[in-house]
Amino acid sequence: MRGLLPSASGLLLMLLRRRSCSGPPLLLLLAIAVCCLFYQTVMVARNRLRSTTHPAAELQGWKQSRDVMMEETRRLISDLEAAHRKRDAQSWSQKTPHRRQRRRAVVLSGQHQVSDTQVQVYQQVLEQLDYEVHMSTYAETSSVLRPQQGSGWNLLLCLSSAEHSCLRRMSFLHLQRHQRVNLIPELMDAFSDVGGGLCLLFARLHLTDLPMRPFSCASSNERLPFTDDRAPPPGLVAIINVYVLVTSLQPLTSFLHDIIVVTTNHEARGRPTKLSHFLPQQLGPENSHQVLKQIKKVIGEVLQKVATDDKKRQTDRCVKCYQLLTFTLLFTGSIFPEIIQVDTDLTFDSLKDETFEAEINRDLILEDTLNFLPRSEPHLSSETETETKGGQYISCTDSLPVCLSDDDFLLLLQFHRQMTAASSFHLLYPSTTCSSPTSSSPSSLSDLLVRVSCYYNNQRGFNSRTDENNSSTNQESALSPQGGASGLCADPHLRQIYTHPGLSLTPPFSRLVKEYRAEVTFDTVTIRIRPVPVSSGCQVHLDEHRGPRMVNYPLGLGSSRINILVTDDSDPEPEVLTVYTVHVSRENRPSLPMFSDHVTCSFLQDCGLLVRPNQSCGLQSHVPSPGPRQSCSSGHEPGRWIVPCLSCSDNRTCDWREVSWQPDSCYHPLVDRPLLQDCMKDRKLLFIGDSTNRGMMYFLMERVNVSLVDWGKAHDTLVYHNLNNGRTQVSYSYYPQFWLEKGRRPTFRQALLQLLHRSRPLVDSHQTVLVVGGVQWLNVDHLKTVRDVLDRESLRNILVVVKSLGMGFHLPVDGIRSLNLKEIQDLDTHNSNIIATAKHHGHEVIDTFSITMGRYKEFLQGRCACHFHEVEKFESPANSWFNFTGPGLDQRAEPENFSYHVRGPVNQVYSEVLLSRLCPRTRT
């Protein structure tokens, strides 16, 4: 009665207005009298109704209505569960006893490469879901999709560059009920072509009442700027990309993924986050619930308009088609968003500078989608379909008289499974506002969908009678993914290993396989890796207990080992539950063996890193200097790399095994072992510096002693006594000790004095050699300190060799500093100053910067990308006893059944230059 009063009185007043303009006064008075009489009659009836209806009786009636509806819904849910079991049993009964029939999936990659992560994720997830995967480029080239193949496939996935091929070739209205496609043609028609579909939608339906801006029809390269207005909370000033999965258009069923991309007015680019985290953090629980409600409302309105328009144009539909969409929402200081863009794919435009992040989040949504959709079963016989069609809620004579076609029944079963699935999707449509229960029977499939959604939302903590603005528990439930994840590390395995560039793992990734191998090309110098655990309660750390969850790794030549630790961080000390290992092998430069016909090429620097912009880069034709060449008088003579090639215009035609360093006007003679051993007799060599200096030391020890029987990554002081049959002593001190707090780090002066003290007695002549230097820490002040200390210690006549700076820290590796091109160019200038200062003090110099500059990609192990050496272990009989001392080490070690070898051609070059300066042929 309440709902009729406004309509009746409004109609009457409208009639009165019309009569007052044209009728005589008598009729007007009569009309007024009738109006008054009608009004009094209605008011008396309403008062009588109010007086006879007791609030308790009204509440009792509401409870009875609710109970009736819940009982009917429980019977509906029970029947749906029984139908699921029946269909599963029927599907299984049609499989052969000895060989289970596998579902077939077709992936059309279009212009995507097989190595693309999106293609790999599709293939890996589908295989895990027990699909037989067929890869093809386009629908026209797929043998499985040919007409003569009939209905021999279950799932068709068309990647973005193959969408037009699918729409052109596939007959979506004649798909079998066991076939599913990841496109809905009506949505593609409405939203495709970079907003052009939206413009057509506006023009066709006159959608001026939708919460969409005309800006959404503009080019996708444009972005609506933020307003300068600042509204107090709960307002938002942000652009949010939300990702929507539409599983049916008629009737409309859609879901919202928990991953979103947010760009606020304080951020230069978007960042991925979770809807269930972002809204409560920004707005608090109550307001976040209202914002989520508005997000669902505006998206639901637009999708409903498309569905309504499509219903007018055609009655057929693709039952099992689905579509992923990206809705870009603009918040300008309120809780009410506007749609400014709709895309028919997963887009991450605001993350375009973070390709890796975009790929990871796209893959996560794609994987969640495949797991969320009910699996397409093999084709059932017509008898089975007829039998299923006779089940409950399909006939009009049941207790709930709803007549469902088989297509509608399939959609209802699909929706029921989606509502019971644990996933990262929120229900978007149908609306889950269940505040007005009624005992009337449902009259359509849409009514049944609403009842199913309300039932499961009640199961998750919704109170259908509670006001929407009330309970914080309800708000948290609304923002929790379906079947919300536990905070416990229940399944300590990886869901996936994401890498950029994509790695082809051997064996293919499986959460139960713990060790993998992969190969990359020479030009792949870094890899970004982010493992994702199965359980959200688990944490992932790389390399160590408290390592990062995502990191940029440098890949040295040869094999790199990446450890992935799945941990439970609920305790102060993380507990490692599972360890995965990825061995990545990076190949050497592609090399072509030389034959008789070749040319000699040279290069100083790589064109990919112009350290010296005023000099040439890349391979150049080499013209040797005329006349006889003399041995070099210093270790820092200008030079370049020489390599034989078929053509200097193509570095792939070179024999990189024969590359060598050649000074421009002289040569460094190679010191053979007898001369080297004789030169090193009764000498003491002291090395102070970092690991690059240590690499030169171990190379010298191996050359002098024939083999290297001891090696370690020492970060303190070591003294080797019995080298060269006891005639040579080598000592080493690591500097700088960067891992210590600044107040506890020894100064360079302290480290040098300690090294001199541990190496005594020392002779004040060239029989004592001090080699000082490192990759980038050395400066001219250190050389002044060397001169001051040696003067005070009466060692001013010893031979000092300065190892100059070197390439390194040029890669964007997480956890360490990285240098940009300008900083590397400044480093070259700084290196020249070090060389000039060393010469001024009368020191020898080995210019390792010029040598490493052109081969900066050929680093070996180490996160700094500055190591051009690596020590390998070999199983072999030891040749001699080897005495050494150091903290925690015995004075005398018995030989083991293995030895070591220092490998690395770049390290070998500058180490041989060091030997030639220590043992020149003119030395007396």
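Residues numbered from 1 in each chain as written. Predicted model: local features only at pLDDT ≥ 70, side-chain atom pairs only at ≥ 80, totals over all residues. Heavy atoms only, no water.

Trainee: Help me understand the overall build of the protein in this model?
Mentor: Assigned secondary structure in the protein consists of 20 helices and 33 strands. Here the protein holds 924 residues, and the buried ones make up 51% of them. When contacts within the protein are restricted to residue pairs at least 6 apart in sequence, long-range pairs at least 24 apart make up 72% of them. For the protein, the exposed area adds up to about 43700 Å²; of that, 51% sits on carbon and sulfur atoms. (Helix = DSSP H or I, 4+ residues; strand = E, 2+ residues; numbered from the N terminus. Buried < 20%, exposed > 50% of the residue type's maximum accessible area, 1.4 Å probe, protein only. Contact = heavy atoms within 4.5 Å. Areas by Shrake-Rupley, 256 points an atom, 1.4 Å probe, with all protein chains shown as cover.)

Trainee: What exactly am I supposed to notice about the sheet that holds strand β21 (residues 639-645) here?
Mentor: To summarise the sheet geometry, strands pair through backbone hydrogen bonds and adopt either a parallel or an antiparallel arrangement. Across the sheet, four strands lie side by side as β19-β18-β21-β22; this open sheet has antiparallel pairing. Each edge of the open sheet is held by one strand with a lone partner, namely β19 (620-621) and β22 (660-663). For strand β18 (residues 599-603) and β21, the ladder comprises five bridges, and the chain directions are antiparallel. Across the sheet, the residue bridging to Phe603 is Trp641, located in β21. (Pairing = 2+ DSSP bridges.)

Trainee: Teacher, can you tell me more about the nonpolar core here?
Mentor: The tendency in soluble globular proteins is for nonpolar side chains to be buried as a group. Judged by nonpolar contacts, the single largest core of 95 residues is most densely connected at Leu619, Val643, Phe687, Ile688, Leu770, Val802 and Leu918. Apart from the residues within four sequence positions on either side, Phe687 is in contact with Asn693, Met697, Leu700, Val730, Ser731, Tyr732, Ser733, Leu755, Val771 and Leu914. In terms of nonpolar packing, the next biggest core, distinct from the first, is built from 56 residues, Leu245, Tyr322, Leu351 and Ala358 among them. (Core = buried A, V, L, I, M, F, W, Y, C linked by side-chain atoms within 4.5 Å.)

Trainee: What is the right way to read the sheet that holds strand β13 (residues 526-533) from this model?
Mentor: Strand order in the open sheet formed by three strands is β11-β13-β15, and the pairing between neighbours is antiparallel. Taken across any chain shown, the strands that pair with only one partner, and hence form the sheet edges, are β11 (494-500) and β15 (551-554). Averaged over all pairs of adjacent strands, the angle between strand axes in this sheet comes to 30 degrees, irrespective of strand direction. In this structure, β11 lies alongside β13, joined through six bridges in antiparallel fashion. Its bridge partner lying in β13, Thr499 is registered against Ile529. (Axes fitted to C-alpha atoms, helices over the stretch in contact; angles between N-to-C directions.)

Trainee: For this particular structure, what's the right way to read the state of the cysteines?
Mentor: Cysteine pairs can be covalently joined through their sulfur atoms, and such a bond is termed a disulfide. Overall, the coordinates contain eight disulfides when judged by the stated rule. Put simply, Cys158 and Cys166 are joined by a disulfide, and their sulfur atoms are 1.9 Å apart. The sign of the S-S torsion, about -100 degrees, decides the handedness of the disulfide formed by Cys158 and Cys166: left-handed. As far as burial versus exposure is concerned, Cys158 and Cys166 are alike and both buried. Disulfide pairing is shown between Cys645 and Cys654; the S-S distance is 1.9 Å. Linking Cys645 and Cys654, the disulfide has an S-S dihedral of approximately 95 degrees and is accordingly described as right-handed. Neither residue differs from the other here; Cys645 and Cys654 are each classed as buried. (Disulfide = S-S within 2.5 Å.)

Trainee: I would appreciate a short explanation of the pattern of salt bridges in the present structure.
Mentor: It is possible for side chains of opposite charge to pair when their charged atoms get near one another. A complete count under the given rule lists 24 salt bridges for this structure. A salt bridge links Asp791 to Arg787, with the shortest nitrogen-to-oxygen separation between them at 3.6 Å. Remark: Arg787 and Asp791 occur in helix α17 (residues 780-792); sequence separation between them is four residues, near one turn of the helix. Connected through salt bridges with shared partners, the residues Glu367, Asp368 and Arg495 form a single ionic network. (Salt bridge = Lys/Arg side-chain N within 4 Å of Asp/Glu carboxyl O.)

Trainee: Explain the packing of helix α16 (residues 748-759) against α17 here, please?
Mentor: Each pair of packed helices gets described by two things: the angle between the helix axes and the distance between those axes. Contact geometry for α16 and α17: axes closest at 10 Å, N-to-C directions at 40 degrees. Taken as axis vectors, α16 and α17 run oblique relative to one another. Crossing angle aside, the handedness with which α16 passes α17 is right-handed. Contacts between α16 and α17 involve Phe748, Arg749, Leu752, Leu753 and Leu756 from the first element and His782, Thr785, Val786, Asp788, Val789, Leu790 and Arg792 from the second. Split into classes, the residues belonging to the contact of α16 with α17 amount to seven nonpolar, two polar and three charged. (Parallel < 35°, antiparallel > 145°, perpendicular 65-115°, else oblique. Left-handed = near helix turned anticlockwise from the far one by under 90°. Nonpolar A, V, L, I, M, F, W, Y, C, P; charged D, E, K, R; others polar.)

Trainee: How should the packing of aromatic side chains be read in this particular structure?
Mentor: Any aromatic ring pair is given by two values, namely how distant the centres are and how the planes are angled relative to each other. In total, this model carries 14 aromatic pairs according to the counting rule given. Relative to Trp777, the ring of Phe748 lies with its centre 5.9 Å away and its plane at 50 degrees, an arrangement referred to as tilted. With Phe748 in helix α16 and Trp777 in the loop between β27 (768-773) and α17, the pair connects residues that are 29 residues apart, well separated along the chain. With respect to burial, Phe748 and Trp777 carry one shared label: buried. The ring of Phe522 is capped by Arg586, whose NZ or CZ atom sits 4.9 Å from the centre of that ring. Taking the ring centre of Trp641 as reference, the NZ or CZ of Arg855 above it sits at 4.4 Å. (Phe/Tyr/Trp six-rings, centres within 6.5 Å; stacked < 30°, edge-to-face > 60°. Lys NZ or Arg CZ within 6 Å of the ring centre and 35° of its normal.)

Trainee: Please explain the side chain of Glu163 as it appears in this structure.
Mentor: Tracing the sequence through the fold places Glu163 in helix α5 (residues 163-169). As a buried residue without a salt bridge, Glu163 has its nearest oppositely charged side chain in Arg362, at a separation of 10 Å. When residues no more than four places from it in sequence are discounted, the contact partners of Glu163 are Cys158, Leu183, Met188 and Thr344. (Lys, Arg positive; Asp, Glu negative; His and termini not counted.)

Trainee: Quick question: what am I supposed to make of the pairing of strand β28 (residues 799-803) here?
Mentor: Consecutive residues of a regular strand have side chains that alternate between opposite faces of the sheet. For β28, the buried fraction is high: five of the five residues fall into the buried class. Here β28 shows two buried faces, one formed by Leu799, Val801 and Lys803 and the other by Val800 and Val802. Here β27 pairs with β28 via five bridges, running parallel. From the neighbouring strand, Gly773 faces β28, where its bridge partner is Lys803. In this sheet, strand β29 (residues 844-846) lies alongside β28 in parallel orientation, the contact comprising three bridges. Its bridge partner lying in β29, Val801 is registered against Glu844. You can see the chain leave β28, run along helix α18 (residues 821-840) and come back into β29, and the turn it takes is right-handed. (Right-handed = clockwise from strand over helix to strand, strands pointing away.)

Trainee: How should helix α4 (residues 117-128) be read in this particular structure?
Mentor: Along an α-helix, a turn takes 3.6 residues, which lines up residues three or four apart on a common side. Compared with the 16 Å implied by 1.5 Å per residue over 12 residues, the 16 Å span of α4 between its first and last C-alpha is a close match. Counting buried positions along α4 gives nine out of 12 residues, so the element sits mostly inside the fold. Every buried residue of α4 is listed here: Thr117, Gln118, Val119, Gln120, Val121, Tyr122, Gln124, Val125 and Leu126. The first or second residue beyond α4 is Asp130, which carries a positive phi of 70 degrees. (Expected span 1.5 Å × (residues − 1).)

Trainee: Hey, could you run me through the confidence of the model for the protein in this one?
Mentor: A low pLDDT score tells you not to read the predicted coordinates there in detail. With 74% of its residues at a pLDDT of 70 or more, the protein shows a mean pLDDT of 79. The spread of mean pLDDT over the elements of the protein runs between helix α1 (residues 5-22), the lowest at 35, and β28, the highest at 98. In the predicted structure, residues 217-233 sits below a pLDDT of 50 and forms 29 contacts with residues beyond four places in sequence or in another chain. Segment residues 878-895 is flagged for pLDDT under 50; beyond a separation of four residues in sequence, or across chains, it makes 42 contacts in the model. (pLDDT = per-residue confidence, 0-100.)

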